[in-house]
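# Structural features, examined
For reference, the chains in residue letters:
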Amino acid sequence: MAVPVAFFTVFFAYPVTAIVGRGLKAGGDWQFGRIGEVLARPDILDVLWFTTWQALASTAFTLLIALPGAYVFARFDFPGKQVLRAVVTVPFVLPTVVVGTAFLALLGRGGLLDELWGIRLDTTVWAILLAHVFFNYAVVVRTVGGLWSQLDPRQEEAARVLGAGRFAAFRRVTLPALTPAVVAAALMVFLFTFTSFGVVQILGGPAYSTLEVEIYRQTAQLLDLPTAAVLTLVQFAAVGAILAVHAATVRRRERALKLVDPARTSRRPRGPGQWALLGGVLLTALLLILLPLGVLVERSFDGSGGYGFGYYRALQSAGSGSSSTFLVPPLEAVGNSLRYALVATLIALVVGGLAAAALTRRAGRLVRGFDALLMLPLGVSAVTVGFGFLITLDQPPLDLRTSWILVPLAQALVGVPFVVRTMLPVLRAVDDRLREAAAVLGASPLRAWREVDLPLVRRAVLVAAGFAFAVSLGEFGATVFIARPDNPTLPVAVARLLGRSGELNYGQAMALSTILMLVCAVSLLLLERIRTDRSGEF
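In what follows, the accompanying structure is described.

Parameters and conventions
- Residues numbered from 1 in each chain as written.
- Predicted model: local features only at pLDDT ≥ 70, side-chain atom pairs only at ≥ 80, totals over all residues.
- Heavy atoms only, no water.
- Helix = DSSP H or I, 4+ residues; strand = E, 2+ residues; numbered from the N terminus.
- Buried < 20%, exposed > 50% of the residue type's maximum accessible area, 1.4 Å probe, protein only.
- Contact = heavy atoms within 4.5 Å.
- Areas by Shrake-Rupley, 256 points an atom, 1.4 Å probe, with all protein chains shown as cover.
- Core = buried A, V, L, I, M, F, W, Y, C linked by side-chain atoms within 4.5 Å.
- Patch = residues over 30% accessible without salt bridge, like charges linked within 9 Å, V, L, I, M, F, W, Y side chains within 5 Å.
- Salt bridge = Lys/Arg side-chain N within 4 Å of Asp/Glu carboxyl O.
- Axes fitted to C-alpha atoms, helices over the stretch in contact; angles between N-to-C directions.
- Parallel < 35°, antiparallel > 145°, perpendicular 65-115°, else oblique.
- Left-handed = near helix turned anticlockwise from the far one by under 90°.
- Nonpolar A, V, L, I, M, F, W, Y, C, P; charged D, E, K, R; others polar.

Our focus in this paragraph is the overall build of the protein. Across its full length, the protein holds 24 helices and six strands. Counting across all 538 residues of the protein, residues that qualify as buried make up 53%. Long-range contacts, defined here as pairs at least 24 residues apart, represent 80% of the contacts in the protein between residues at least 6 apart. Here the protein displays about 22800 Å² of accessible surface, and carbon together with sulfur accounts for 64% of that area.

Counting residues in each nonpolar core, the largest one holds 157 residues, and the members touching the most others are Phe 7 and Phe 389. Ignoring sequence-local partners within four residues, the contact set of Phe 389 consists of Phe 11, Pro 15, Leu 406, Ala 410, Leu 413 and Ile 482.

Attention shifts here to a nonpolar patch on the surface. Residues Leu 112, Leu 116, Trp 117, Ile 119, Leu 283, Leu 286, Leu 287, Leu 290 and Leu 291 make up a contiguous nonpolar surface patch of roughly 850 Å² in combined accessible area. Contributions of two or more residues to the nonpolar patch are made by helix H6 (112-117) and helix H13 (271-301). The biggest single contributor to the nonpolar patch is H13, with five residues. Among the secondary structure elements, Leu 287 is positioned in helix H13. According to the relative accessible area criterion, Leu 287 is exposed, its value standing at 53%.

Attention now goes to the pattern of salt bridges. For the coordinates displayed, the defined rule picks out two salt bridges. A salt bridge links Asp 43 to Arg 41; its shortest N-O distance comes to 3.1 Å. Using a relative accessible area of 32% as the deciding quantity, one classes Asp 43 as partly exposed. Given the relative accessible area of 28%, Arg 41 is considered partly exposed. Across the pair Glu 214 and Arg 217 runs a salt bridge whose closest N-O atoms are separated by 2.6 Å. Here the residue Glu 214 and the residue Arg 217 both occupy positions in helix H11 (residues 211-221), the gap between them amounting to three residues, near one helical turn. Looking at Glu 214, the relative accessible area reads 4%, which means it is buried.

Right, let's get into the environment of Phe 236. Inspection of the secondary structure puts Phe 236 in helix H12 (residues 225-253). In sequence terms Phe 236 and Pro 377 are 141 residues apart; their C-alpha atoms lie 9.4 Å from each other. When sequence neighbours within four positions are dropped, the list of residues in contact with Phe 236 reads Phe 12, Leu 376 and Val 380.

Turning to the packing of helix H19 (residues 432-440) against helix H20 (residues 445-456), a few remarks are in order. How two helices pack is summed up by the angle between their axes together with the distance between the axes. Taken N-terminus to C-terminus, the directions of H19 and H20 make an angle of 155°; their axes are 9 Å apart at the nearest point. The angle between H19 and H20 falls in the class roughly antiparallel. Relative to H20, the crossing made by H19 is right-handed. Note on element contacts: H20 touches H19 through Ala 448, Val 452, Asp 453 and Leu 456, opposite Leu 434, Arg 435 and Ala 438. The residue inventory of the contact of H19 with H20, partitioned by class, reads five nonpolar, no polar and two charged.

Next comes the structure, spelled out in structure tokens:
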């Protein structure tokens, strides 16, 4: 636990505490009375209520739509499966400003629904919910599907042979085994929607505001740091309470499972029902995932003189429409993002892997409390973290303001929770008797981990690496404050282009977004093609 504790203390707790302290201090004295004053305001209460219920609704809709997809990817083998699995993960890394623009093109004035049927959903909560499902579909598919693909289907078949119906066998055998993964996925979706920023700001308009949007408004527009600090504390407390409930609930349901090679559990669909389920999942992916992405691609080629590669060619120069925005050609953001994401993934795997290994041992209340703390970066305002980095990591021995490592560190903060939540259910499902047998045969704890745990969880490590790499590519909230002008990341470059008027800037933003989608899709596809050793049943 030493490395994860040190990492989160220095790069999370210290910056967040410092920025909140500046907001609640006046003349060197703490002003805790401001907390009650802020929370008594009717406009703040409305923000708290909307933040909570839209996150619950978004989580419910995401589970309802994505769980069939998790089953299909875990149990069915069909042409294009690996490509589709990579494609459905792409939305998770897109900057929220880009996704908001794409959904406006579909749901807003002059959008696809408006042109075909005269229906507009912008400035409504339905647009927000749909965009949240679009973002988080892959979280459920990959988190739940990863464990589902390793569950031995013969256990459910044995229940059917003993007289249980299909639903009863699923409810009594498969569902209890999947519960930790389902709860973990639901928790991640809730945290992301609870702290939603770009989607609500663009699609909701002035009528809707989450805590994250309000923190940004109070900080950047109204310069009201005390109110922003109070809202940050409220968000922090709410996320902490949710994580505590999650830790207690999942701990009671975890148990050792009989896991098998995923290649042994997937097969081609059989019967009309399974083919209909596969068709429904493919149709959902087409309408929910591919259609918004298709809008982005189409706009990246649609120039004033017709379709072509004009916007892509403009990315090779720092002049023209982006002269006052970039010190380097915008296309250099691609290489920057890849380098930052690779380093951030390595950091996240080391920190998250050590944390997951420690949590597997369930050694006392301290470890159980750390389980919840690891998820806090997903629920704390990225605006707060970004400002915290700027005001705390500016003095020796941690003067990192001009160092390139600052961006990967911020990105790794978001990647570590995904590594932990992906690896932990599989690690805890490994039978302790295997480790005990290795110890009896003379293996040290390190060798037992290397020879027993690692081969069995190698696939989970790859899934965790994919998630960490994806979220690092798309991290925007904190990176926008610390990325240097001469080394922008793809999301930062897209946001800068969208923030300037002009057709050329907008087209370049769409072109960079398309490149980001392609980079992510190719990276995830390569990851999907990596095959672990056929270790067989365990």
